[in-house]
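# Overview (structure and organization)
As a plain string of letters, each chain reads:
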Amino acid sequence: MIEMKKVGKTYPNGVQALKDINIHIDKEEFVYVVGPSGAGKTSIIKLIIREVVPTEGTIHVNGTNLGDLTKKQIPYLRRKIGVVFQDFKLFPKLSVFENIAFALEVTEEPPDRIKPRVMEVLDLVKLKNKTRHKPRELSGGEQQRVAMARAVVNRPAILIADEPTGNLDPETAWSIMGTLEDINHRGTTVVMATHNSHIVNHLKKRVIAIDDGNVLRDEWRGAYSYEA
Ligand code: ADP
Ligand code: ADP
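Cut-off values and rules
Residues numbered from 1 in each chain as written. Chains lettered and ligands numbered in written order. Predicted model: local features only at pLDDT ≥ 70, side-chain atom pairs only at ≥ 80, totals over all residues. Heavy atoms only, no water. UniProt positions renumbered as here; feature names shortened; annotations may be inferred. Helix = DSSP H or I, 4+ residues; strand = E, 2+ residues; numbered from the N terminus. Buried < 20%, exposed > 50% of the residue type's maximum accessible area, 1.4 Å probe, protein only. Contact = heavy atoms within 4.5 Å. Salt bridge = Lys/Arg side-chain N within 4 Å of Asp/Glu carboxyl O.

In the annotation of an unreviewed UniProt entry, the entry for the protein chain reads Cell division ATP-binding protein FtsE, and the organism field reads Natribacillus halophilus. UniProt annotates the protein chain under Sequence similarities (unreviewed entry) with the comment "Belongs to the ABC transporter superfamily." Recorded in UniProt under Subcellular location (unreviewed entry), the annotation for the protein chain is "Cell membrane".

Structure below.
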């Protein structure tokens, strides 16, 4: 599903963000990527969605070698990968419904399929009662639910979440984890970069710990850290 072999990334300014990353993530896994600020977590995410290209090594996503992708093919890769961010990135002027429908309208989804599919994902994230609201009329947790609904409306094989609970209070963060688990149980691979040690240590999953551009640990049902 996602495979990185001997991947290195040096940015044009000379910063070596990733040194020798070897990762294999299977279909339907739920993986936390943890590590201190500057470790290289976001760089890994940007490589998977082909926002940046590696300086060394090869990356396969969904059977495609990203090194073989042409510029024209990148949008098709992006449709197979949903992404959510700490700051939600919703369109402020569009309603909840429109924010999600937009992601389908840019594909060739037949118009009569859009409404039922949007309502289906709103049901999944438990926001069917907020379809006409604008993002600013929602709580942070509700905005993150809209972002998750938008990320999965195209039925992507993979959902990437970069610090999805970063701006949320602990109770709301836990409810977002419930939704991410629901999405995962429906067959979507979830890769979540996080600093939330409480969640990682209590909701046990595979943990890939990154430090200084290398994989420090890769453990099934791992912990956030072994330091005191
Ligand atoms: P994390 O997400 O774990 O905080 P990042 O992948 O964002 O780590 O960053 C890893 C290292 O690469 C850091 O030293 C950061 O400053 C550097 N870096 C990230 N993006 C860029 C960029 N576009 N240009 C130059 N250096 C970058
Ligand atoms: P849902 O109702 O959508 O399943 P929840 O918010 O109830 O989502 O919980 C998601 C996951 O997080 C569950 O596995 C639950 O056991 C766990 N969880 C929820 N709240 C806490 C908490 N305060 N501390 C530890 N685990 C929690």
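Read on for the rest.
## Description of unusual backbone geometry
In this model, E28 sits at a positive phi of 70°, which is unusual for a non-glycine residue. Looking at the element boundaries, E28 is found in the loop between β2 (16–25) and β3 (30–34). A positive phi angle is found at N62, which is not glycine, with a value near 55°. Its location among the elements puts N62 in the loop between β4 (56–61) and β5 (64–65).

## Some thoughts on the environment of G40
Structurally, the position occupied by G40 is in the loop between β3 and α1 (41–48). Take G40: its relative accessible area is 8%, and that puts it in the buried class. Each C-alpha atom of the pair G40 and L124 lies 32 Å from the other, and the pair is 84 residues apart in sequence. The residues touching G40, leaving out its near neighbours within four places in the chain, are A17, L18 and I210.

## Points about α1
Within α1, six of the eight residues are buried, leaving the element largely enclosed by the surrounding structure. Backbone geometry just downstream of α1 places R50 in the positive-phi region, at approximately 60°.

## As for the pattern of salt bridges
Across all of its chains, the model carries 11 salt bridges by this definition. Two residues, D182 and K126, come together in a salt bridge whose shortest N-O distance is 3.8 Å. With a gap of 56 residues between them, D182 in helix α6 (residues 170–185) and K126 in the loop between α4 (111–124) and α5 (140–152) connect regions that are remote in the sequence. The partner of D218 in a salt bridge is R206, and the shortest N-O contact between them spans 2.8 Å.

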